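Now for the letters of each chain:
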Amino acid sequence: QPQLVESGGGLVQPGGSLRLSCEVSGAALDDYSIGWFRQAPGKIREGVSCISSSGGGITEYRDSVKGRFTISSDNAKNTVYLQMNNAKPEDTAVYYCAARREYYAGTYCFSFFSLGEERTDYWGQGTQVTVSP
């Protein structure tokens, strides 16, 4: 039963950068694929990015963040990061990390943007990101 804790959220100006962290405890990160979701007020939660940490070297990004966000994994630190560059006001949301247990090469990221919610096994508590002048 892994525990996922997000951190790094806060206020950033448009065009600025920040890095979110998803710290995983109680399990080996390499056994899990990790996704980042976000939810803005009045909107449903949507997938942002996904990394398959246990195999395949797969990363996926929502179209609206491609070229701006980078997901990465540091297994030694049991942490997944979401580097957010050139932040936009529409990036304002609560960001959640999510994990799915993978026993072989991960498939979570292949269907992340269509079935990610239902395929997620564990959730973090969320961290607020606000992009504003």
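Refer to the structure printed above.
Residues numbered from 1 in each chain as written. Predicted model: local features only at pLDDT ≥ 70, side-chain atom pairs only at ≥ 80, totals over all residues. Heavy atoms only, no water.

(A) Focus on the state of the cysteines. Counted under the stated rule, the structure contains two disulfides. The disulfide that involves cysteine 22 links it to cysteine 97, with 2.2 Å between the sulfurs. With the S-S bond torsion at 65°, the cross-link from cysteine 22 to cysteine 97 turns out right-handed. Linking cysteine 22 in strand β3 (residues 18-25) with cysteine 97 in strand β9 (residues 93-101), this pair joins segments that are 75 residues apart in sequence. Taken as a pair, cysteine 22 and cysteine 97 share a single burial class, namely buried. Each disulfide pairs two cysteine sulfurs, and for cysteine 50 the partner residue is cysteine 109, the sulfurs being separated by 2.0 Å. In this structure, the disulfide formed by cysteine 50 and cysteine 109 twists by about -80° around the S-S bond and is classed as left-handed. (Disulfide = S-S within 2.5 Å. Helix = DSSP H or I, 4+ residues; strand = E, 2+ residues; numbered from the N terminus. Buried < 20%, exposed > 50% of the residue type's maximum accessible area, 1.4 Å probe, protein only.)

(B) Geometry of the nonpolar core. The biggest cluster of nonpolar side chains holds 28 residues, and the ones touching the most others in it are Ile34, Trp36, Leu82 and Tyr95. The set of elements that each furnish at least two residues to this core consists of β3, β4 (32-39), β5 (46-52), β7 (69-74), β8 (79-84), β9 and β11 (127-131). Judged by nonpolar contacts, the second largest core, of seven residues, contains Phe37, Cys50, Ala98 and Cys109. (Core = buried A, V, L, I, M, F, W, Y, C linked by side-chain atoms within 4.5 Å.)

(C) Broad picture of the packing of aromatic side chains. On inspection of all chains with the given rule, the structure shows six aromatic pairs. Ring centres of tyrosine 32 and tyrosine 122 lie 6.1 Å apart, and the angle between their planes is 65°; on these two criteria the pair is classed as edge-to-face. Within this pair, whereas tyrosine 32 is found in strand β4, its partner tyrosine 122 is found in strand β10 (residues 122-123), the two being separated by 90 residues in sequence. The class for tyrosine 32 is buried, based on a relative accessible area of 7%. Between the aromatic rings of tyrosine 108 and phenylalanine 112, the centroid separation amounts to 5.5 Å while the plane-to-plane angle is 70°, which identifies the pairing as edge-to-face. As far as the burial class goes, tyrosine 108 and phenylalanine 112 line up, both buried. Of the aromatic side chains, those joined through ring pairs into one cluster are Phe37, Tyr96, Tyr108, Phe112, Phe113 and Trp123. Here the basic side chain of arginine 45 rests over the ring of tyrosine 96, its NZ or CZ set 5.2 Å away from the ring centre. Lying across the ring of tryptophan 123, arginine 45 places its NZ or CZ 3.7 Å from the centre. (Phe/Tyr/Trp six-rings, centres within 6.5 Å; stacked < 30°, edge-to-face > 60°. Lys NZ or Arg CZ within 6 Å of the ring centre and 35° of its normal.)

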